[in-house]
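One letter stands for each residue in the lines below.
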Amino acid sequence: MVNIPRIKLGSQGLEVSAQGLGCMGMSAFYGPPKPEPDMINLIHHAVDAGVTLFDTSDVYGPETNEILLSKALKGGVRAKVELATKFGIKSENGNFGICGHPSYVRSACEASLKRLEIDCIDLYYQHRIDTSVPIEITMGELKKLVEEGKIKYIGLSEASASTIRRAHAVHPITAIQLEWSLWSRDVEEEIIPTCRELGIGIVAYSPLGRGFLSLGPKMAENWKEGDFRQALPRFQPENLEHNKTLYERRDRGKEGCTPSQLALAWVHHQGKDVVPIPGTTKIENLEQNIGALSVKLTSEDMAELESIASADAAKGGRYTDGFPTYLESDTPPLSSWNA
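As recorded by an unreviewed UniProt entry, the protein carries the name NADP-dependent oxidoreductase domain-containing protein and is attributed to Centaurea solstitialis.

Structure (structure tokens):
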């Protein structure tokens, strides 16, 4: 097994494993929840392998993924890991809404602490930005939670460069979570440079393109009921046929590594301030993903991959219309807040 180095995530003092584990698919969105004993075993295997950053959210399940992690990280295991969770996407009767109101920030944090059975969250993200609440107001409440010892570090997910700057002015942001992979490169234009200018760490979710960069179009042949990828534009037949070419050209890549390892290695080679969090529900895939850390890419390898996977190479949006991303994350000015 590859030795996983630790890196500094952001400039506020947080240290994590250079590769984390995204836990969403264990409980939600990629078909039915997986058997709890198997997932606890997987999490323990990851800890034993040197993975320390575990990523969850209150909306995964909803709530059941946090409970799963609380069971897996009991006892001495908790002290070995950095636990990241999120708030901001409210789920009620299958309907989703976005909320960044201060009272909700506090209640969501306290609920997550209770489910996780911990006293302090290592890294607490705003999962999506509430565009009805000035970001300074949401950040003000998060700052209070830091001062009270309920969270250690603050993060944002799917935030625009301007929103990041405004938030960072209230309290230092430790990490920005964003989708970054060989078929999602739009963040390189403005958001990545902003993070680096401000000393903010970068956590790359879906670094394997929700499985596409591992398996290509055949991943769409056996969707399980409840797998939300079925609705995503990139996986629609008319777009999948185009995107298949991207996978096939990239898959001719480097000998001695799998398609997953090549895609992950590309993310790792973006810099020591980047931590990908590939998700999996299988130990063999976890071990394969960790193996990506030993794949060395030359500048020529990187240039070839990036020529195949240019910023606009993939056809179709990342999400369905109306689902918020950083493109719709600017908030009103602070002067407009009257609550």
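Moving on from the coordinates now.
A.B. asks: Would you mind going over helix H4 (residues 102-116) with me for this structure?
C.D. replies: Since one α-helical turn is 3.6 residues long, residues separated by three or four positions face the same way. Taking 1.5 Å per residue as the helical rise, H4 with its 15 residues ought to reach 21 Å, and the 21 Å between its terminal C-alpha atoms agrees with that figure. Of the positions making up H4, those classed as buried are Pro102, Tyr104, Val105, Arg106, Ala108, Cys109, Ser112, Leu113, Arg115 and Leu116. On its buried face, H4 sits against helix H3 (64-72), strand E5 (82-87), strand E6 (89-92), strand E8 (121-126), helix H5 (135-147) and strand E9 (151-157). Once H4 finishes, Glu117 follows within two positions and takes phi at roughly 60 degrees, a positive value.

A.B. asks: Just checking my understanding: could you explain the packing of helix H2 (residues 36-49) against helix H11 (residues 283-291) for this structure?
C.D. replies: Packed helices, taken two at a time, are described by their axes: the angle between them and the distance between them. Two numbers describe how H2 lies on H11: the axes approach to 10 Å, and their chain directions differ by 25 degrees. Between H2 and H11, the crossing angle belongs to the class labelled roughly parallel. For the pair H2 and H11, the crossing hand works out as right-handed. Counting all contacts with H2, which are made through Asn41, Leu42, His45, Ala46 and Ala49, the residues of H11 involved are Ile283, Leu286, Glu287 and Ile290. Counted by class, the contact of H2 with H11 contains six nonpolar, two polar and one charged residues.

A.B. asks: Just checking my understanding: could you explain the packing of aromatic side chains for this structure?
C.D. replies: Here a ring pair, both rings aromatic, is described through the centre-centre distance and the interplanar angle of the planes. Following the criterion strictly, the structure yields twelve aromatic pairs and no others. Ring centres of Tyr30 and Phe228 lie 6.0 Å apart, and the angle between their planes is 15 degrees; this geometry places the pair in the stacked category. Note that Tyr30 is positioned in the loop between helix H1 (24-27) and H2 and Phe228 in the loop between helix H8 (212-215) and helix H9 (237-250), a separation of 198 residues in sequence. Measuring from centroid to centroid gives 6.1 Å for Trp180 and Trp266, while their planes differ by 80 degrees, and the two rings are edge-to-face. Within this pair, whereas Trp180 is found in the loop between strand E10 (175-179) and helix H7 (191-198), its partner Trp266 is found in helix H10 (residues 259-268), the two being separated by 86 residues in sequence. The class of Trp180 is buried, set by a relative accessible area of 1%. According to the relative accessible area criterion, Trp266 is buried, its value standing at 0%. Ring-pair connections join several aromatic residues into one group, and the members of that group are Phe29, Tyr30, Tyr60, Phe96 and Phe228. Over the ring of Tyr104 we find Lys90; its NZ or CZ atom is 5.0 Å from the centre of that ring. Directly above the ring of Trp183 sits Arg234, whose terminal nitrogen or CZ lies 4.9 Å from the centroid.

Conventions and cut-offs
- Residues numbered from 1 in each chain as written.
- Predicted model: local features only at pLDDT ≥ 70, side-chain atom pairs only at ≥ 80, totals over all residues.
- Heavy atoms only, no water.
- Helix = DSSP H or I, 4+ residues; strand = E, 2+ residues; numbered from the N terminus.
- Expected span 1.5 Å × (residues − 1).
- Buried < 20%, exposed > 50% of the residue type's maximum accessible area, 1.4 Å probe, protein only.
- Contact = heavy atoms within 4.5 Å.
- Axes fitted to C-alpha atoms, helices over the stretch in contact; angles between N-to-C directions.
- Parallel < 35°, antiparallel > 145°, perpendicular 65-115°, else oblique.
- Left-handed = near helix turned anticlockwise from the far one by under 90°.
- Nonpolar A, V, L, I, M, F, W, Y, C, P; charged D, E, K, R; others polar.
- Phe/Tyr/Trp six-rings, centres within 6.5 Å; stacked < 30°, edge-to-face > 60°.
- Lys NZ or Arg CZ within 6 Å of the ring centre and 35° of its normal.

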